[in-house]
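Chain by chain, the residues run as shown.
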Amino acid sequence: MNEVLQYLQSKQEEMLAVLKRFVELESPSREKALTDRLGVEIAKRFTELTGGSTTVIKNDLYGNHIRGEWGSGEEQILLLAHFDTVWQHGDLEKMPFRITEGKAYGPGIFDMKGGLVQGLYALHALHMLRKQLCCKVVYLFTSDEEIGSPTSRPLIEEEAKKSKYVLVLEPSMSPNGALKTSRKGVGMFHLKVKGQPAHSGIDHDKGRSAIEELARQISYLHSLTDYSTGTTVNVGVIRGGTTSNVVAAEAEAEIDLRITTQAEAERLMPVILGLQPQTEGTGLTVTGELNRPPLERTEQVAAMYQLAKKLAKEELNFDLPEAATGGASDGNFTAPLAPTIDGLGAVGDGAHAVHEHLVVSEMPVRSALVALLLASLGGQCEV
Ligand SMILES: [Zn+2]
């Protein structure tokens, strides 16, 4: 058996104990005191397990981010994990950490405290087995991914720019454990329609309904969806009007755009931002932007996947599939800056859902995969 896997399998109980501790330190994105408490714990474990150093990146709004550094060299590989969760303080009581039939349950366990722990132990194994890489590994632990990474984005991009590769420890695809080699980009827009109000009984003909205009715009926007290219446009929220006997003066909508390529983003952004009224006497205002660029399956991404697949097969004896997803992660931010592969974290199911869980026996296996990938991508130097 591969020595890294063998070592990590001997550490399975220890990994689970660390995971339990991390899950029980609840960390909702918007609760700074709680996320900070977990951040301190993560930094401590990083130092203990890897012998590396950590820096706390202060954050006034949300939890402090933690930057771990291990090894040395001119070049770096970036490991990426977030430690905030979508769960609220107290949810742990309803869904406590527990293990049933080989699956571990708890808030944030699959997305993504499991992957975070697996990443820590990947470095721990390399450290203990004295496998020194020719480059350093920067492990970034961020605190606000679940709310769109408002404060961590610049930090993530800055580190990605300095990295030759980025490995994202978000959960693997459910339920088959595939790596994520393509993620859609996301655009978020707000459409405001102004009409002309009128009494619906007395002056109906003088009114210009903002709601009717919005309805036309929604039909048009939804017609932009094209499953063959993976482009979708979804008007997910609408508001408008005041009462039934007034021709509506105002209406608005929130629009979600998903695209698989930057070219498609560049084609559609002006279309949405440049929407024109279809009813005379109404006016439109559109605001918004591309929130996350797509993670495209470039040749370099495909090559990283092929390497992971080969290592999985030859060293760890399992078949590693790949998959595309419409969901976004911090990997979307790093993808335009350095070759990025995502979904290297936990195997399980139920992200953001009450049945959220990971498969315990996969923890050492996926952790070993990360270690072998780091060793392979980083090159091994003599100690
Ligand atoms: Zn996540």
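Residues numbered from 1 in each chain as written. Predicted model: local features only at pLDDT ≥ 70, side-chain atom pairs only at ≥ 80, totals over all residues. Heavy atoms only, no water.

Student: Help me understand the packing of aromatic side chains, please; the structure alone is not making it clear to me.
Tutor: The relation between two aromatic rings is expressed through the spacing of the ring centres and the mutual angle of the planes. Scanning all chains against the criterion turns up three aromatic pairs. Where F46 meets Y139, the ring centres are 6.3 Å apart and the plane angle is 75°; that geometry is what we call edge-to-face. Separated by 93 residues along the polypeptide, F46 in helix α3 (residues 32–50) and Y139 in strand β6 (residues 136–142) bring together distant segments of the chain. For Y139, a relative accessible area of 0% gives the class buried. Relative to F141, the ring of F46 lies with its centre 6.1 Å away and its plane at 80°, an arrangement referred to as edge-to-face. Placement of the pair is F46 in helix α3 and F141 in strand β6, with a sequence separation of 95 residues. (Phe/Tyr/Trp six-rings, centres within 6.5 Å; stacked < 30°, edge-to-face > 60°. Helix = DSSP H or I, 4+ residues; strand = E, 2+ residues; numbered from the N terminus. Buried < 20%, exposed > 50% of the residue type's maximum accessible area, 1.4 Å probe, protein only.)

Student: Explain the state of the cysteines to me, please; I cannot follow it from the model alone.
Tutor: Within this structure, the stated rule accounts for zero disulfides. No disulfide involves C135; its nearest neighbouring cysteine sulfur is the one of C134, lying 7.2 Å away. Taking relative accessible area as the criterion, C135 reaches 2% and is therefore assigned buried. (Disulfide = S-S within 2.5 Å.)

Student: Teacher, can you tell me more about the UniProt feature "active site" (unreviewed entry) in the chain here?
Tutor: UniProt tags D84 and E145 as "active site" (unreviewed entry). Taking the farthest pair of C-alpha atoms as the criterion, the annotated set spanning 62 residues converges on one region, since that pair is 6.9 Å apart. Of note, D84 is situated in the loop between β3 (76–82) and α4 (91–94). Residue position: E145 is located in the loop between β6 and α6 (153–161). In contact with E145, other than residues within four places in its own chain, are H82, D84, E170, R292, A328, S329 and D330. (UniProt positions renumbered as here; feature names shortened; annotations may be inferred. Contact = heavy atoms within 4.5 Å.)

Student: Whenever I open this one, the UniProt feature "domain: Peptidase M20 dimerisation" (unreviewed entry) in the chain confuses me. Can you help?
Tutor: In the numbering used here, UniProt assigns the feature "domain: Peptidase M20 dimerisation" (unreviewed entry) to residues 182–269. Structurally, residues 182–269 comprises 25% helix and 40% strand, and the distance from its first C-alpha atom to its last is 20 Å.

Student: Just checking my understanding: could you explain the domain arrangement of the chain for this structure?
Tutor: Interface size is often expressed as the accessible area that is lost when the parts come together. Split into domains, the chain comes out as domain 1 (3–183 + 294–378) and domain 2 (185–292). A C-alpha centroid distance of 38 Å is found between domain 1 and domain 2. Facing 14 residues of domain 1, the contacting portion of domain 2 comprises nine residues. In total, about 790 Å² of surface goes out of reach between domain 1 and domain 2, with carbon and sulfur atoms giving 48% of it. The largest contributions to the domain 1 side of the interface with domain 2 come from P294, E296 and A328, which together make up 50% of the buried area. Applying the counting rule to domain 1 against domain 2 returns one salt bridge. Across the pair R292 and D330 runs a salt bridge, and its minimum N-O distance is 3.2 Å. Connecting domain 1 to domain 2 are five residue pairs in polar contact (both at pLDDT 80 or more). (Domains from an automatic or database assignment. Buried area = accessible area lost by both parts, 1.4 Å probe. Salt bridge = Lys/Arg side-chain N within 4 Å of Asp/Glu carboxyl O. Polar contact = N/O pair within 3.5 Å; in protein donor to acceptor, adjacent residues only side chain to side chain.)

Student: How do you make sense of the coordination of the zinc ion when you look at a structure like this?
Tutor: By definition of the ideal shapes, a tetrahedral metal site with four donors has angles of 109.5 degrees and an octahedral site with six donors has angles of 90 or 180 degrees. Distances from the zinc ion to its protein donors, H82 (NE2), D111 (OD), E170 (OE) and E170 (OE), fall within 1.9 to 2.6 Å. Coordination at the zinc ion comes from four donor atoms whose angles at the metal span 52 to 143°, giving a geometry best classed as irregular. Summarised as a motif, the one-chain spacing of the donors to the zinc ion is H-x28-D-x58-E. With a gap of 88 residues between them, H82 in strand β3 and E170 in the loop between β7 (163–168) and β8 (179–183) connect regions that are remote in the sequence. (Donors = N, O, S within 2.8 Å, 3.2 Å for Na, K, Ca; no water. Tetrahedral: all angles 85-135°; square planar, octahedral: opposite > 155°, others 65-115°.)

Student: Teacher, can you tell me more about the sheet that holds β7 here?
Tutor: Two modes of strand pairing occur in sheets, parallel and antiparallel, and in both the strands are linked by backbone hydrogen bonds. With respect to topology, six strands assemble into an open sheet ordered β1-β2-β6-β3-β7-β16, the strand pairing being mixed. The open sheet has two edge strands with one neighbour each: β1 (53–57) and β16 (340–341). As judged from the five bridges shared by strand β2 (residues 65–70) and β6, these two strands associate in the antiparallel manner. Across the sheet, the residue bridging to E69 is V138, located in β6. (Pairing = 2+ DSSP bridges.)

Student: I'm lost on the pattern of salt bridges in this one. Help?
Tutor: For side chains bearing opposite charge, pairing can occur when the charged atoms are close. In the structure shown here, the tally under the stated rule is 26 salt bridges. For E254, the salt bridge goes to R239, with nearest N and O atoms at 2.8 Å. Pair noted here: E254 is in strand β13 (residues 250–259) and R239 is in strand β11 (residues 232–240), with a separation of 15 residues, a long-range link. Overall, E254 belongs to the partly exposed group, its relative accessible area being 32%. With a closest N to O distance of 2.9 Å, R258 and D256 form a salt bridge. The class for R258 is partly exposed, based on a relative accessible area of 22%. A single salt-bridge network, built from bridges that share partners, covers R67, E69, K136, E159 and K162.

Student: Quick question: what am I supposed to make of the sheet that holds strand β5 (residues 103–105) here?
Tutor: Spatially, four strands are ordered β4-β5-β18-β17 in an open sheet, and the strand pairing comes out antiparallel. Here the strands that pair on one side only, and so sit at the sheet edges, are β4 (98–100) and β17 (348–349). Across the sheet, helix α5 (residues 109–128) lies against β5, β17 and β18 (357–359), angled at about 45° from β18, the strand it touches most. (Axes fitted to C-alpha atoms, helices over the stretch in contact; angles between N-to-C directions.)

Student: Before we go on, may I ask you to explain the pairing of β2 in this structure?
Tutor: Looking down a regular strand, the side chains alternate between one sheet face and the other. Across the six residues of β2, five count as buried, placing the element largely inside the fold. Where β1 meets β2, five bridges bridge the pair, whose relative direction is antiparallel. Note that in β2 the partner of V56 across the bridge is I66.

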